[in-house]
Amino acid sequence: MSDAIGYELIDDIAVLAADNPPVNALGQAVRQGLVDGIARAEREGAKAILIYGKGRTFFAGADIREFGKPPLEPGLPEVCDRIEAATIPVVVALHGTALGGGLEVALGAHYRIAVPSARVGLPEVHLGILPGAGGTQRLPRLVGVDSALDLITSGRHVKAGAAKQIGLIDRIEEGEPREIGLAYARELVAEGAPRRAVSEMPNPQGADFDTVYEQTLAASRGQISPATAVRAVQAACELPFEQGMKRERELFMELMNSDQREGLIHAFFAERAVARLPELDGVAPRSVKAIGVIGGGTMGAGIATSALLSGLTVTLVEMSDDAAQAAKGRIGNNLAGALKRGKINQEKHDALLNEALTVTTSYDDLARADLVIEAVFEDMDVKKQVFAKLDAACKPGAVLATNTSYLDVNEIAASTSRPADVIGLHFFSPAHVMKLLEIVVADKTAPEVTATGFALGKAMGKVSVRAGVCDGFIGNRILSTYRTAADHMVLDGATPYQIDAALEKFGFAMGPFAVADLAGLDIGWAVRKRKRAEGLPEGARDSTYADKLCEDGHFGQKTGKGYYDYADGPRKRKPNAEVMPLIEAERKEQGITRRDFSDDEIVRRYMAAMVNEAAKVVGEGIARRPLDVDVTLLYGYGFPRYRGGPMKWADMQGLEGLLEDIRTWGKEDPVFWQPAPLLEKLVSEGRNFEDLNKEASA
Ligand code: 3H9
């Protein structure tokens, strides 16, 4: 027997206890242990078998780290079949998260009991695959096609109660999984309950699978796993169980060998690796229970909302009573949204708004705050004035954070008497929705202050990425470069609409021009003015047609017009007729003869600009590892998750070809297309970004 599965015989019931921390993933030793345990129980004349997980959860799925490597026997489908084929009833007792292969093991068993807090699901589609151990064949037989399609194509987790309602779980009981499982097994033995093999249940009634397939494909924005899973469920309706299993395997292997699977699994591990930084090993964060927020505009109110929802008390400082009340109104609206979506109940809503939140005009009210986040106007002098007041008002040891998106955090820190306590916490708008948090570590930031930033991010349910100080940090610096590549293509002959369409087809949630309209064109205008004032590099290309849009009062969605016209609502954009004449006039003025761009070239140039700047960001240490860039773009910039992030995409494309393109384009525009030294180095050494990720985690 393997150590990963314990074996005991209690009152004629064989108890198989999984012990493979942290999440009881179904690695080879666990699979072998299950098969051996079943055989032993039969040999020793047990009357029933109980399977449960020690620690925090039942099996959370197949061991994802084994994917892409040579398969190790026994495979999970065989294990589930073996469980089902046991000659005596098999009971599973679920707690924690019975996911993917974990739920498939449960479906192989004959009876399922769970604690009320257990959650179950088949999240495989989020990893670019489909349930491959019989889930697509057994689940529809057990719960019907509609519920099975819902769970399998959405990958969502459901609570035990909902699972029982659809017939996925037989019973729910409070208690320890081992105890409730044993009691249930004893009861079944006493009743002489039979084995109940799900595979022997009749084929479920079908659906209009072609329509469901098309709808699922359209809803997945280029991701193929959910629609492919529909075909596997179809097989459960149309084929005998064994043949359905063969079909499931074929489709599973197709997805397993896809780039999308590689991208999605990279994303899964990258988002967990971002918080693992050697410099924070063993560094304890400071305790944060009460926070202050300076400024109650959209950003400040979003940050306050997010903090309230994660259980912190918030003191929000505004400049006047009116502004303070307006901020409270914004937070109230955000909390009302959370109430409507069922995230909180009315009582909680009222307590958060009226007890956990204080709005004020006095910095003195921040005396007890453990951490304060400034979210005022992006102007260095204004920020410095705020930090001078914080320096005077806050207790020793309070963390002083700025939410600036590009200003120099070192300069802000230096303006206080306590630079070690100063850090950048760059939230993305709307801050109570967006998951990304850039933690900007300045030269003098103390390690425990950085650790506190990460702890706060975790408490707020954010994905936090460490960034160094530079203009725009990781995300906005890279954005500014790929956006410039798009602007150059517009000058040379592409339209903003063609560019947006090509990139949305690539998988971005929105193209760069639609994003600019959403964010507000005044933001880019201010940045362009600032950069021109600082002096553009010698020979750099510039364009002013977007400035003219702003001069005419078109700031994007908020004014109803930008690159697009939103007269029919924000979701029904159509090109703004004023834009192309402005672009054509500018081309004429600059003496540019327009040329055509294919969608492929648009994507290639845009992505090359992104990857090249990202390689500079990593090379300069602004991002510690390529995976930090990937996570930043995935969570803050709508990068398609199934492509893994720009660095993963670049690795899969091949760095050599990308560098070659950059060098070719550099002949026409040497200022913009300067190859990143890190990219050149990696190509010359025959290595890639993933090698750097591995080195960093070794
Ligand atoms: C599948 O089952 C395929 C089958 O249909 C067919 C096969 C033939 N494997 O997330 P956390 C690690 S596909 C390996 O921080 P939480 C994770 O990397 C699978 N490792 O904790 C982390 O490691 P580290 C279907 C795994 O409490 C540590 O465990 N299942 C796996 O926030 C803690 O994880 C899924 O897709 C795994 N399966 O969340 C479930 N899972 O500490 C994927 C986790 O070194 N997992 N690790 O960074 C999850 O959704 C969450 O981990 C879970 C816990 C909800 C379970």
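Residues numbered from 1 in each chain as written. Predicted model: local features only at pLDDT ≥ 70, side-chain atom pairs only at ≥ 80, totals over all residues. Heavy atoms only, no water.

### Some words on the domain arrangement of the protein chain
Here comes step 1: Each assigned domain of the protein chain is listed with its residue range as follows: domain 1 (5–257), domain 2 (288–467) and domain 3 (475–697).
Here comes step 2: Spacing between the C-alpha centres of domain 1 and domain 3 amounts to 44 Å. (Domains from an automatic or database assignment.)

### A few points about the site of the ligand
Here comes step 1: In the region of the ligand, 29 residues are neighbours, and R56, G101, E104, E124 and R272 sit closest.
Here comes step 2: In the environment of the ligand, an oxygen atom lies 2.6 Å from a nitrogen or oxygen atom belonging to the side chain of R56.
Here comes step 3: Protein chains shield 75% of the accessible area of the ligand, which is 1000 Å² for the free molecule.
Here comes step 4: With three residues, the top contributor of residues to the shell around the ligand is helix α11 (residues 259–273).
Here comes step 5: Residue classes in the shell around the ligand are distributed as 16 nonpolar, five polar and eight charged. (Near = heavy atom within 4 Å. Polar contact = N/O pair within 3.5 Å; in protein donor to acceptor, adjacent residues only side chain to side chain. Areas by Shrake-Rupley, 256 points an atom, 1.4 Å probe, with all protein chains shown as cover. Helix = DSSP H or I, 4+ residues; strand = E, 2+ residues; numbered from the N terminus. Nonpolar A, V, L, I, M, F, W, Y, C, P; charged D, E, K, R; others polar.)

### A look at the side chain of T416
Here comes step 1: Within the secondary structure, T416 sits in the loop between α16 (409–414) and β15 (422–427).
Here comes step 2: Polar side-chain contacts of T416 include one of 3.2 Å to the backbone nitrogen of R418.
Here comes step 3: Excluding residues within four positions of it along the chain, T416 makes contact with F387, D391 and V422. (Contact = heavy atoms within 4.5 Å.)

### Description of the nonpolar core
Here comes step 1: Membership of the largest hydrophobic core comes to 102 residues, with the highest contact counts inside it found for L390, Y563 and F689.
Here comes step 2: Two domains each put at least three residues into this core: domain 2 (288–467) and domain 3 (475–697).
Here comes step 3: If you look at the next biggest cluster of nonpolar residues, it comprises 86 residues, including V15, L16, V125 and L251. (Core = buried A, V, L, I, M, F, W, Y, C linked by side-chain atoms within 4.5 Å. Buried < 20%, exposed > 50% of the residue type's maximum accessible area, 1.4 Å probe, protein only.)

### Focus on the sheet that holds strand β5 (residues 97–99)
Here comes step 1: What the three strands build is an open sheet, ordered β5-β7-β8; its pairing is mixed. Of all the strands in the sheet, just β5 and β8 (157–159) have a single pairing partner and so form its edges. Each strand of the sheet is rotated relative to its neighbour by a mean of 25°, with strand direction disregarded.
Here comes step 2: Pairing analysis gives three bridges linking strand β7 (residues 119–121) to β8, with the strands arranged antiparallel. The partner of G121 across the bridge, within β8, is H157. (Pairing = 2+ DSSP bridges. Axes fitted to C-alpha atoms, helices over the stretch in contact; angles between N-to-C directions.)

### What about the packing of helix α19 (residues 496–506) against helix α20 (residues 512–519)?
Two packed helices can be described by the angle between their axes and the distance between those axes.
Here comes step 1: The contact between α19 and α20 brings their axes to 7 Å, and the two run at 105°. What the angle tells us is that α19 and α20 run roughly perpendicular. Residue-level inspection shows P496, I499, D500, L503 and E504 of α19 in contact with α20, the latter providing P512, F513 and A514.
Here comes step 2: Of the residues belonging to the contact of α19 with α20, the class tally is six nonpolar, no polar and two charged. (Parallel < 35°, antiparallel > 145°, perpendicular 65-115°, else oblique.)

### Comments concerning the pairing of strand β16 (residues 436–440)
Both faces of the sheet carry side chains from a regular strand, because those side chains alternate between them.
Here comes step 1: Of all five residues in β16, five are buried, a share of seventy percent or more.
Here comes step 2: Both faces of β16 are covered, namely the face carrying L436, E438 and V440 and the face carrying L437 and I439.
Here comes step 3: Where β15 meets β16, four bridges bridge the pair, whose relative direction is antiparallel. By the bridge assignment, F427 is partnered in β16 with L437.
Here comes step 4: By the bridge criterion, five bridges tie β16 to strand β17 (residues 463–467) in an arrangement that is parallel.

### A closer look at the packing of helix α4 (residues 135–143) against helix α9 (residues 225–238)
Here comes step 1: At their nearest, the axes of α4 and α9 sit 8 Å apart, and the two run at 60° to each other. On the basis of the axis angle, α4 is oblique to α9. Between α4 and α9 lies a crossing of right-handed hand. From α4, T136, Q137, P140 and R141 reach across to α9, where they touch A232, V233, A235 and A236.
Here comes step 2: Split into classes, the residues belonging to the contact of α4 with α9 amount to five nonpolar, two polar and one charged. (Left-handed = near helix turned anticlockwise from the far one by under 90°.)

### Here we look at the sheet that holds strand β9 (residues 171–172)
Here comes step 1: Taking strand neighbours across the sheet as the criterion, the six strands line up as β1-β2-β3-β4-β6-β9 in an open arrangement whose pairing is mixed. Looking at the sheet topology across the chains shown, the edges are occupied by β1 (5–10) and β9.
Here comes step 2: In this sheet, strand β2 (residues 13–18) lies alongside β1 in antiparallel orientation, the contact comprising six bridges. For Y7, the partnering residue across the bridge sits in β2 and is L16.

### With respect to the pattern of salt bridges
Here comes step 1: Evaluated as defined, the whole model comprises 51 salt bridges.
Here comes step 2: Of the charged contacts, one joins E66 and R31 as a salt bridge, the two residues approaching to 3.0 Å between their closest N and O atoms. Of this pair, E66 sits in the loop between β3 (48–53) and α2 (76–84) while R31 sits in helix α1 (residues 28–43), and the two are 35 residues apart along the sequence.
Here comes step 3: A relative accessible area of 22% means that E66 is categorised as partly exposed.
Here comes step 4: Using a relative accessible area of 5% as the deciding quantity, one classes R31 as buried.
Here comes step 5: Sharing partners across several salt bridges, the network here consists of R528, R532, D542 and D547. (Salt bridge = Lys/Arg side-chain N within 4 Å of Asp/Glu carboxyl O.)

### Considerations on α19
Helical geometry: 3.6 residues make up each α-helical turn, so side chains three or four residues apart lie on a common side.
Here comes step 1: Of the residues making up α19, those classed as buried are P496, Y497, I499, D500, A502, L503 and F506.
Here comes step 2: G507 sits one or two positions beyond α19 and adopts a positive phi of about 130°.

### A short note on the packing of aromatic side chains
Geometrically, a pair of aromatic rings is defined through the distance of the ring centres and the angle of the planes.
Here comes step 1: Overall, the coordinates contain 17 aromatic pairs when judged by the stated rule.
Here comes step 2: When the ring of W525 is compared with that of F555, the centres are 6.3 Å apart and the planes differ by 40°; the resulting orientation is tilted. With W525 in helix α21 (residues 521–534) and F555 in the loop between α22 (545–551) and β18 (564–565), this pair connects stretches of sequence that are 30 residues apart.
Here comes step 3: On the accessibility criterion, W525 (18% relative accessible area) is buried. (Phe/Tyr/Trp six-rings, centres within 6.5 Å; stacked < 30°, edge-to-face > 60°.)

### Topic: the environment of C550
Here comes step 1: Relative to the helices and strands, C550 resides in helix α22.
Here comes step 2: Taking C-alpha positions, C550 is 6.8 Å from L521, a pair spaced 29 residues apart along the chain.

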